[in-house]
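# Chains, contacts and geometry: an overview
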Amino acid sequence: MHVWVVALAGVSLFVTTGHFDKSDRKKPDWLDHVNTYNLKLKLAFAIISISGVHALKTYLSGDLTLENIQIVTMVAVIHFTFVLSAIGISFAERLTREKA
């Protein structure tokens, strides 16, 4: 649940800039020199860090029953999915920068 909250808050605050365009609110100064690619990677690494801590907590918290091994396996699969997603984001951005 915490991962979804971090992901949605990060996207709404840092990636979408539509709420700065039409209002008279001023952009934060740091937003002028930060691009969305860097923010996407920072958010991805934050999610990976949270997922890694949760995976380690799950791994260290129980005995080696069959049910616990299945839970640890699923948590590890979810964590590596986040890792592969971050690698995919980075690779896609690299491809678009080479073509531009």
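What you see is a predicted model; the values in this text were computed from it and never measured.

### With respect to the overall build of the protein
Summing up its helical and strand segments, the protein has four helices and zero strands in all. By the burial criterion, 19% of the 100 residues in the protein qualify as buried. Only carbon and sulfur atoms are counted for the fraction: they give 67% of the accessible area of the protein, which is about 7800 Å².

### Quick notes on the environment of Ile 50
Inspection of the secondary structure assignment puts Ile 50 in helix α3 (residues 36-60). Exposure remark for Ile 50: the relative accessible area of 32% places this residue in the partly exposed category. Considered as a pair, Ile 50 and His 79 are 29 residues apart in the sequence and their alpha carbons are 9.2 Å apart.

### Examining a nonpolar patch on the surface
Among the surface-exposed residues, Leu 56, Tyr 59 and Leu 60 lie close enough to one another that they form a single nonpolar patch of about 350 Å² accessible area. With respect to the secondary-structure elements, Tyr 59 resides in helix α3. Taking the relative accessible area as the measure of exposure, Tyr 59 reaches 51% and is therefore exposed.

### Focus: the pattern of salt bridges
Counted according to the given criterion, the structure contains one salt bridge. Between Glu 93 and Arg 97 there is a salt bridge, and its shortest N-O distance comes to 3.1 Å. Here Arg 97 and Glu 93 lie together in helix α4 (residues 66-99), a separation of four residues that amounts to about one turn.

### Here's the deal with the side chain of Asn 68
Tracing the chain through its elements places Asn 68 in helix α4. A relative accessible area of 14% places Asn 68 in the buried class. Sequence-distant contacts of Asn 68, defined by excluding residues within four places in its chain, comprise Thr 58, Gly 62 and Asp 63.

### Some words on the confidence of the model for the protein
Summarising the model, the protein shows a mean pLDDT of 79, and 67% of its residues fall at 70 or more. In the model of the protein, helix α2 (residues 18-21) stands out as the element of lowest mean pLDDT, 55, in contrast to α4, which has the highest, 89.

### Examining the side chain of His 79
Among the structural elements, His 79 can be located in helix α4. There is a polar contact of 3.4 Å between the side chain of His 79 and the backbone nitrogen of Gly 52. Not counting chain neighbours up to four residues away, the residues in contact with His 79 comprise Ile 48, Ser 51 and Gly 52.

### Focus: α3
Relative to the 36 Å expected for 25 residues at 1.5 Å per residue, α3 spans 36 Å between its end C-alpha atoms, a close match to the ideal helical length. Of the residues making up α3, those classed as buried are Tyr 37, Leu 39, Leu 41, Leu 43, Ala 44, Ile 47, Ile 48, Ser 51, Ala 55 and Thr 58.

Criteria and cut-off values
- Residues numbered from 1 in each chain as written.
- Predicted model: local features only at pLDDT ≥ 70, side-chain atom pairs only at ≥ 80, totals over all residues.
- Heavy atoms only, no water.
- Helix = DSSP H or I, 4+ residues; strand = E, 2+ residues; numbered from the N terminus.
- Buried < 20%, exposed > 50% of the residue type's maximum accessible area, 1.4 Å probe, protein only.
- Areas by Shrake-Rupley, 256 points an atom, 1.4 Å probe, with all protein chains shown as cover.
- Patch = residues over 30% accessible without salt bridge, like charges linked within 9 Å, V, L, I, M, F, W, Y side chains within 5 Å.
- Salt bridge = Lys/Arg side-chain N within 4 Å of Asp/Glu carboxyl O.
- Contact = heavy atoms within 4.5 Å.
- pLDDT = per-residue confidence, 0-100.
- Polar contact = N/O pair within 3.5 Å; in protein donor to acceptor, adjacent residues only side chain to side chain.
- Expected span 1.5 Å × (residues − 1).

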